[in-house]
Amino acid sequence: MKNANGLGWGLAALVVAGNMIGSGLYLLPVTLAPMGSSSLIGWLVAGVGAAVLALVFGALGRLRPDAEGLAGFAEKGLGRFFGFHVAIAFWTACLVGNVAVAVAATGYLAYFWPMLRDPVWATLCNLGLIWAATLAYIAGTRTASWLAAGALVVGLIPIVIAVAAGIAAFDPNLFEASWNPGGEPLKTTVPASLAVIFWAYLGLESAAALSGRVRDPARDVGRASIAGVALATLVYVAATVAVFGVIPLDQLAQSTSPYADLAARVFGASLAGFVAVCAVAKTFGTIGGWTLMGGETARAAAQSGYLPKGFGGAEKAPLVVPLTGAAIMSIVTLISSQEGLANQFGLLVGVTSVLTLTIYGVCSAALVRMAKGTGGHVLGAFGLMFAGAAVIAAAAGYVVPTLVVVGLTTLAWFTLLRGGKPAVDPEGDAA
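Residues numbered from 1 in each chain as written. Predicted model: local features only at pLDDT ≥ 70, side-chain atom pairs only at ≥ 80, totals over all residues. Heavy atoms only, no water.

**Comments concerning the environment of Leu416**
With respect to the helices and strands, the residue Leu416 is situated in helix α18 (residues 396-417). Residue Leu416 is classed as exposed on the basis of its relative accessible area of 69%. Along the sequence, Leu416 and Tyr306 sit 110 residues apart, while their C-alpha atoms lie 9.8 Å from each other. (Helix = DSSP H or I, 4+ residues; strand = E, 2+ residues; numbered from the N terminus. Buried < 20%, exposed > 50% of the residue type's maximum accessible area, 1.4 Å probe, protein only.)

Structure below.
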């Protein structure tokens, strides 16, 4: 059904891109330094996979507009067993990913206060950021929402300045010298980099939410999804080329604020400080947004019967939700603390990406089951293959935590929840 007052596909594409581009990119150049500038290939591969998955969620949104988020898609397509796993996995991904964003914020704060490079001080700063965002959430979802929205435009400034710096000072010889520092075959390094790189594409499922807002959903959701992911990929590639073409690899590997360092090299310390301030503002806003997302995910899971009823207030999440989330994030902060902020960031984004890719794979499988035509089946199959391949290629240290989450949720299902409600949604079965 067409909506005469809805968004055109071009504006919708900007919304999709804007939901992905942001603080997820701020420390990734440091994490990708061992792969060098050849990580550019990983960005292109991840962009193709992200476009496929965005189309998957667009198709799911049109098929089942009544679904409650990602867990709703999984439940309606594959049954409550998978809905439960997706709900808990997505909640976990929100919490672990939020700690990674806090680490990125601390990295840019270290530009002003080098003492934050020390693991103890860095951990204390991470905890402070997490609890400050939690207090904003406790104050009300509107407070947390404004915190995230207010930082949206600010978050693009460091990336724009980084690209400008790269254009002004790009050194092709430096870029070539950093192409593949480890000397391993690209067929090994590129697949292994996908889990880390895909961190910057989290949020691509927001395309599914556009179906009711665009002018012609049947035509424009797909266009907006492809164009939005393509735009985000263009920004990511430009930023990656800029960093590896200006900062020597040995210095990049030691950085905690790569875009501020890039600005300092080209434009001077004053602009570098401005970049760092913008990065901190955006990352803190993102922490607020993910704290809200995690809390609302837990509340929705409780209302679906996946978490204790005490987590599921009808209008506002009970106090136990933000406090439990903050406690879990605090534990993750402590156990993931490492000598370098980039090492801690890399571990957290790898784990979050594998968890999320697993969720995307389940939702792709749900599309295969629910689709009514060949196109939907093929699209879901491609989404499942990409997500599965990216998880299989990821480092064991990223995959094991996901297996632990799946094992614990499976145990919880069979001991506590099995038999509570029908195993398969009747309407989904009919589709």
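Resuming the write-up.
**So, the nonpolar core**
Counting residues in hydrophobic clusters, the biggest one holds 130 residues, and the most contacted among them are Trp43, Phe198, Tyr201 and Leu204. The greatest single-element share of this core, amounting to 20 residues, is contributed by helix α5 (residues 80-109). For Phe198, the residues in contact, after removing those within four places along its chain, are Ala46, Ala50, Leu53, Leu204, Ser353, Leu357, Tyr360 and Phe386. (Core = buried A, V, L, I, M, F, W, Y, C linked by side-chain atoms within 4.5 Å. Contact = heavy atoms within 4.5 Å.)

**Observations concerning the confidence of the model for the chain**
Across the chain, the average pLDDT comes to 84, with 88% of residues at or above 70. Per-element mean pLDDT across the chain ranges from 41 in helix α19 (residues 426-430) up to 93 in helix α17 (residues 374-393). Low pLDDT, under 50, characterises residues 421-431; the stretch is placed with 21 contacts to residues that sit more than four places away or in other chains. (pLDDT = per-residue confidence, 0-100.)

**Description of the packing of helix α3 (residues 39-63) against α17**
With their axes 9 Å apart at the nearest point, α3 and α17 run at an angle of 135° to one another. Relative to α17, the element α3 lies oblique. Crossing handedness for the pair α3 and α17: left-handed. Note on element contacts: α17 touches α3 through Leu379, Gly380, Phe382, Gly383 and Phe386, opposite Val45, Ala46, Gly49, Val52, Leu53, Leu55, Val56 and Ala59. (Axes fitted to C-alpha atoms, helices over the stretch in contact; angles between N-to-C directions. Parallel < 35°, antiparallel > 145°, perpendicular 65-115°, else oblique. Left-handed = near helix turned anticlockwise from the far one by under 90°.)

**Description of the layout of surface pockets**
Empty space among the atoms becomes visible once a probe the size of a water molecule is rolled across them. Approximately 650 Å³ is the volume found for the second largest pocket. Lining the second largest pocket are 25 residues; nearest its centre among them are Thr92, Ile328, Val404, Val405 and Leu408. When residues of the lining of the second largest pocket are traced back to their parent elements, those giving at least two are α5, α15 (320-336), α16 (341-370) and α18. With eight residues, the top contributor of residues to the lining of the second largest pocket is α18. Among the residues making up the lining of the second largest pocket, the classes are represented as 22 nonpolar, three polar and no charged. (1 Å grid on protein atoms, 1.4 Å probe; cavity = no way out; pocket = protein on both sides within 12 Å on 5 of 7 lines; lining within 4 Å. Points joined across faces, edges and corners; volume = space filled by probe spheres on them. Nonpolar A, V, L, I, M, F, W, Y, C, P; charged D, E, K, R; others polar.)

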